[in-house]
Amino acid sequence: MPTAVVTGATAGIGAAFARQLAAEGFELVLVARRGERLSALAAELPVPVEVLVADLATTAGCDAVAARLTDPDRPVDLLVNNAGRSLNRSFLRSTPELEEELLRLNVHAVLRLTLAALPPMVERRRGEIINVSSVSGFAATMPGSTYPATKAWVTNFSESQAQLVREHGVRVMALCPGYTRTEFHEVAGIDMAHSPAWVWLDADTVVRAALRDLRRGRLVSVPGWINRVAVFGMRHAPRRLLHRVARDARGRIGHEEQ
Ligand SMILES: NC(=O)c1ccc[n+]([C@@H]2O[C@H](COP(=O)([O-])OP(=O)(O)OC[C@H]3O[C@@H](n4cnc5c(N)ncnc54)[C@H](OP(=O)(O)O)[C@@H]3O)[C@@H](O)[C@H]2O)c1
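Heads up: these notes are all about the structure in this document. (Residues numbered from 1 in each chain as written. Predicted model: local features only at pLDDT ≥ 70, side-chain atom pairs only at ≥ 80, totals over all residues. Heavy atoms only, no water.)

### Focus: the packing of aromatic side chains
Phase 1 of the analysis: A full pass over the atoms with the stated rule returns three aromatic pairs.
Phase 2 of the analysis: Aromatic side chains Y147 and F184 sit 5.4 Å apart centroid to centroid with 55° between the ring planes, which places their arrangement in the tilted category. With Y147 in helix α5 (residues 147–165) and F184 in helix α6 (residues 184–188), this pair connects stretches of sequence that are 37 residues apart.
Phase 3 of the analysis: Using a relative accessible area of 24% as the deciding quantity, one classes F184 as partly exposed.
Phase 4 of the analysis: Here the aromatic rings of Y179 and W200 are separated by 5.3 Å at their centres, their planes lie at 40°, and the arrangement is tilted. Placement of Y179 in the loop between β6 (170–175) and β7 (180–181) and of W200 in the loop between α6 and β8 (201–202) is noted, with a sequence separation of 21 residues between them.
Phase 5 of the analysis: Y179 sits in the partly exposed class, given a relative accessible area of 30%. (Phe/Tyr/Trp six-rings, centres within 6.5 Å; stacked < 30°, edge-to-face > 60°. Helix = DSSP H or I, 4+ residues; strand = E, 2+ residues; numbered from the N terminus. Buried < 20%, exposed > 50% of the residue type's maximum accessible area, 1.4 Å probe, protein only.)

### A short note on the site of the ligand
Phase 1 of the analysis: Around the ligand lies a shell of 30 residues, among which T10, R33, R34, Y147 and T182 are the nearest.
Phase 2 of the analysis: R34 is positioned such that a nitrogen or oxygen atom in its side chain is 2.7 Å from an oxygen atom of the ligand.
Phase 3 of the analysis: The separation between an oxygen atom of the ligand and a polar main-chain atom of N82 is 2.8 Å.
Phase 4 of the analysis: When the free accessible area of the ligand is taken as 880 Å², the share hidden by the protein chains comes to 96%.
Phase 5 of the analysis: Within the residue set of the shell around the ligand, elements represented by two or more residues are α1 (12–23), α5 and α6. (Near = heavy atom within 4 Å. Polar contact = N/O pair within 3.5 Å; in protein donor to acceptor, adjacent residues only side chain to side chain. Areas by Shrake-Rupley, 256 points an atom, 1.4 Å probe, with all protein chains shown as cover.)

### As for the sheet that holds strand β1 (residues 3–7)
Phase 1 of the analysis: Spatially, the seven strands line up as an open sheet ordered β3-β2-β1-β4-β5-β6-β9, and their pairing is parallel. What marks the edges here is a single partner per strand, and that holds for β3 (49–53) and β9 (220–221).
Phase 2 of the analysis: Sheet analysis places β6 next to β9, joined by two bridges and oriented parallel. Note on β9: the bridge partner recorded for L175 is S221.
Phase 3 of the analysis: The sheet strands contacting helix α3 (residues 59–69) are β1, β2 (27–32), β3 and β4 (78–81), and the helix crosses β3 at an angle near 150°. (Pairing = 2+ DSSP bridges. Contact = heavy atoms within 4.5 Å. Axes fitted to C-alpha atoms, helices over the stretch in contact; angles between N-to-C directions.)

### Here's the deal with the nonpolar core
Phase 1 of the analysis: F17, L21, L28, L30 and I130 are the most contacted members of the largest nonpolar core, which has 30 residues in total.
Phase 2 of the analysis: Broken down by element, the residue count for this core peaks at seven residues, all from α1.
Phase 3 of the analysis: Discounting chain neighbours no more than four positions away, the residues touching L21 are A4, V6, F26, L28, L78, V80 and L211.
Phase 4 of the analysis: Counting 26 residues, the second-largest nonpolar core is a separate cluster that includes V31, L52, V65 and L118. (Core = buried A, V, L, I, M, F, W, Y, C linked by side-chain atoms within 4.5 Å.)

Structure representation (C-alpha cells):
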C-alpha cells in the first residue's frame, strides 16, 4: 500500500484529503496539534493510520514530521502540506509573535517538510507533493494582510520545485483553492456571513479536483471555474482595478478595519 502524510488533517481540506486517500487505499500519517480529533478520524478510516501530533509552527514539530518523512524503512509516496491559517488583524496592530507564527506555519513548515521529502523521492524516482496554497496568493487581494504573501510564496516555491524534480519522476503541485467551507475563517475570526453562496466550494470538491490535476501532471491546480476566472483576472487586470476591487471586498467580508 502507498503511504501519504497529510498535515492539518483534523479539519477541512486536510480531513477531506485523509478520507479520499484512504478510499484510494493509501496508508496514512495524519499530522496536526489536536491529537484526539486525529485519533477520532483515524478510527473511522478503513486503512492503517499513524497519528503524529505536532505543532508545525515550531522547530520541534517540523523536526518530528521531517524525521518520519526521511525514515528509510517507511518511505512516503505522497506528502500533502496542507496545515495553514490566516490572521484577521490589521498589520498596523499586529505583533512580531503573530506574524512570525504565521510565517513559520504557512511558509517555513512547507519549506522544511518539502526539503525532507523530496531527496528520498528523487532517489526512488517516485513520489508526489501537494502544497496547499490559495487563490489569494495571485495578487495583493487583502489590503494589509500578510496571508496572501505567504501563499504567493507557496505557489512560486512549488512551481519552481516541480520543474526541478519532474525529470526524476517526482511531481510537486500547488493547490490554490478559493473560498472553501471549512473551519478556516472561523479560526481566523473572519465573518463571512455576507459572502455570496456561489463563491464557495466544499472541501471534498477541492480535494477531488486536486487529485485529478496531480495525476494530469498540472503544476498549479485551481479548483472551480469561478476561481479560475478570478485567477485570470488577478494575472491580467490592471493593478489599480484589482486594488479597488480588493478594498471593496474587504469592507463586505468582515475583516478588521485598518
Ligand atoms: N478554507 C478556505 O477558504 C481556504 C482557501 C484557500 C486556501 N486555504 C488553505 O487550505 C489549507 C487548509 O485550511 P482549511 O480551510 O482546511 O482550514 P481549517 O479547517 O481551519 O484546517 C486547518 C488545519 O490546519 C491545522 N493546523 C493549524 N495550525 C497548525 C499548526 N500550528 N500545526 C499543525 N497543524 C496546524 C489544523 O489542525 P489543529 O488545529 O488540530 O492543529 C487543521 O487541521 C490552509 O493552508 C489554508 O491556508 C483555505
